[in-house]
Amino acid sequence: MVRTLNLEISEVATQVTNSFHSAEAPEPDRAALAFERTREAMGPVMAELLETIQHQDDPLLIDIALKADMVGFAGEIVSAWDFQHQSRSVFTGVYKQMLRSEPHPVAGQWRAHAQKYSKQRLYNGRDLATGFSHQLAERIADLLTVAGASAAAEDVHATYAPHLETIVRVALDLQRIIGEEVISCDYEVLVVRFDEIFDAEAMDDIYGGEVAMAGPPGMVPRVLSTADLGLRRVEKVADSTEGEVETTMLLKPKVVLDTIVYELGLVDDEEVSPSSADTPA
């Protein structure tokens, strides 16, 4: 299902990218709000690249950003306990404490019941897909606005609603299966944080290493964005009294490296990498 989710995201990103057209600058307040929300969602470097580069002739960066935005949004859904941010730390803390003292199936049964009944209490069986698809459309509209298009969330949703709802429904199904049906272990979807150093053991370069070599000699590639979700299994070590776990990578997340800016000719080799420009020595 993770591969299915990645495929759906990639297809929507391609459709939106192919329909991109530059427009007149939006109202300053709208542009500022869109930039701040995009910056929060994808990091300052991606937001600044979207804002400063002309995308009409080569919208590759828009495709990369759209995938990153939708991957991040889907990952948040799959990883949620009950879609309430304020309760996440409480549930997570209790669950970690249980894993230290109880067998994984016992803690997993509690996790399954906690997620199931918390959602029942909060939403009473209400379909959440439509609301989440509108939120996703808002994020896409913000991204396109920053990149120089004229994009309203309502128009984005009207155009791509079936595709956005498919992404959301697959993510919701994954959240339910991982959270409520699996009790003997944990499955975790993986989104690599912006500016992490590239680690070939934990992630794959979506361009197969070609982009990693595009930067100046000695440059350490860092992650610009995540293009595909990853998946790992986490199991408590048998007879562990301290909650030690064994982790198995099932599907590495695929990432875009910051050296893409050299491959695209957006900066010269002599310039500092954009993700490390503000990093103190």
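Since the model is a prediction, treat every value here as computed from it, not as a measurement.

A word on the pattern of salt bridges
When the charged atoms of two side chains with opposite charge come close together, those side chains can pair.
Then, in step 1: A full pass over the atoms with the stated rule returns 14 salt bridges.
Then, in step 2: Between Arg-176 and Asp-173 there is a salt bridge, with the nearest N and O atoms lying 3.9 Å from each other. Residue Arg-176 and its partner Asp-173 are both found in helix α8 (residues 153-181); the two are separated by three residues, about one turn of the helix.
Then, in step 3: Relative accessible area serves as the criterion here: at 32%, Arg-176 is assigned to the partly exposed category.
Then, in step 4: Overall, Asp-173 belongs to the partly exposed group, its relative accessible area being 34%.
Then, in step 5: It is possible to trace a salt-bridge network through shared partners that takes in Arg-30, Arg-37 and Asp-142.

Focus: the environment of Ser-89
Then, in step 1: Within the secondary structure layout, Ser-89 lies in helix α5 (residues 85-101).
Then, in step 2: Remark: the alpha-carbon pair of Ser-89 and Asn-6, spanning 83 residues in sequence, is separated by 27 Å.

Points about the sheet that holds strand β3 (residues 223-228)
Then, in step 1: Overall, mixed pairing links the three strands, which are arranged β2-β6-β3 in an open sheet. Only two strands of the sheet have a single neighbouring strand rather than two, namely β2 (204-205) and β3.
Then, in step 2: Of the strand pairs in this sheet, β2 and strand β6 (residues 254-257) are connected by two bridges, and their pairing is parallel. The residue bridging Asp-205 from the neighbouring strand is Val-255, located in β6.
Then, in step 3: The sheet strands contacting helix α4 (residues 60-79) are β3 and β6, and the helix crosses β3 at an angle near 70°.

A short note on the sheet that holds strand β1 (residues 186-190)
Then, in step 1: In space, the three strands of this open sheet follow the order β1-β4-β5, with antiparallel pairing throughout. Edge positions in the sheet fall to β1 and β5 (245-251), since each of these pairs with one other strand and no more. Ignoring which end each strand starts from, the neighbouring axes of this sheet average 25° apart.
Then, in step 2: In the sheet, β1 pairs with strand β4 (residues 230-236) via five bridges, with the strands oriented antiparallel. Across the sheet, the residue bridging to Leu-190 is Gly-230, located in β4.

What to know about helix α3 (residues 44-52)
Then, in step 1: For α3, every residue scored as buried is listed here: Val-45, Met-46, Ala-47, Leu-49 and Leu-50.
Then, in step 2: Looking at the buried positions of α3, the neighbouring elements they touch are α2 (28-42), α4, α7 (129-147), β3 and α9 (260-263).

Section: the confidence of the model for the protein
Then, in step 1: On average, the protein scores 88 in pLDDT, and the residues at 70 or more come to 91%.
Then, in step 2: The lowest-confidence element of the protein is α9, averaging 81 in pLDDT; the highest-confidence one is β1, averaging 97.
Then, in step 3: Below pLDDT 50 for its whole length, residues 276-281 participates in two contacts with residues either more than four positions away or in separate chains.

Analysis parameters
Residues numbered from 1 in each chain as written. Predicted model: local features only at pLDDT ≥ 70, side-chain atom pairs only at ≥ 80, totals over all residues. Heavy atoms only, no water. Salt bridge = Lys/Arg side-chain N within 4 Å of Asp/Glu carboxyl O. Helix = DSSP H or I, 4+ residues; strand = E, 2+ residues; numbered from the N terminus. Buried < 20%, exposed > 50% of the residue type's maximum accessible area, 1.4 Å probe, protein only. Pairing = 2+ DSSP bridges. Contact = heavy atoms within 4.5 Å. Axes fitted to C-alpha atoms, helices over the stretch in contact; angles between N-to-C directions. pLDDT = per-residue confidence, 0-100.

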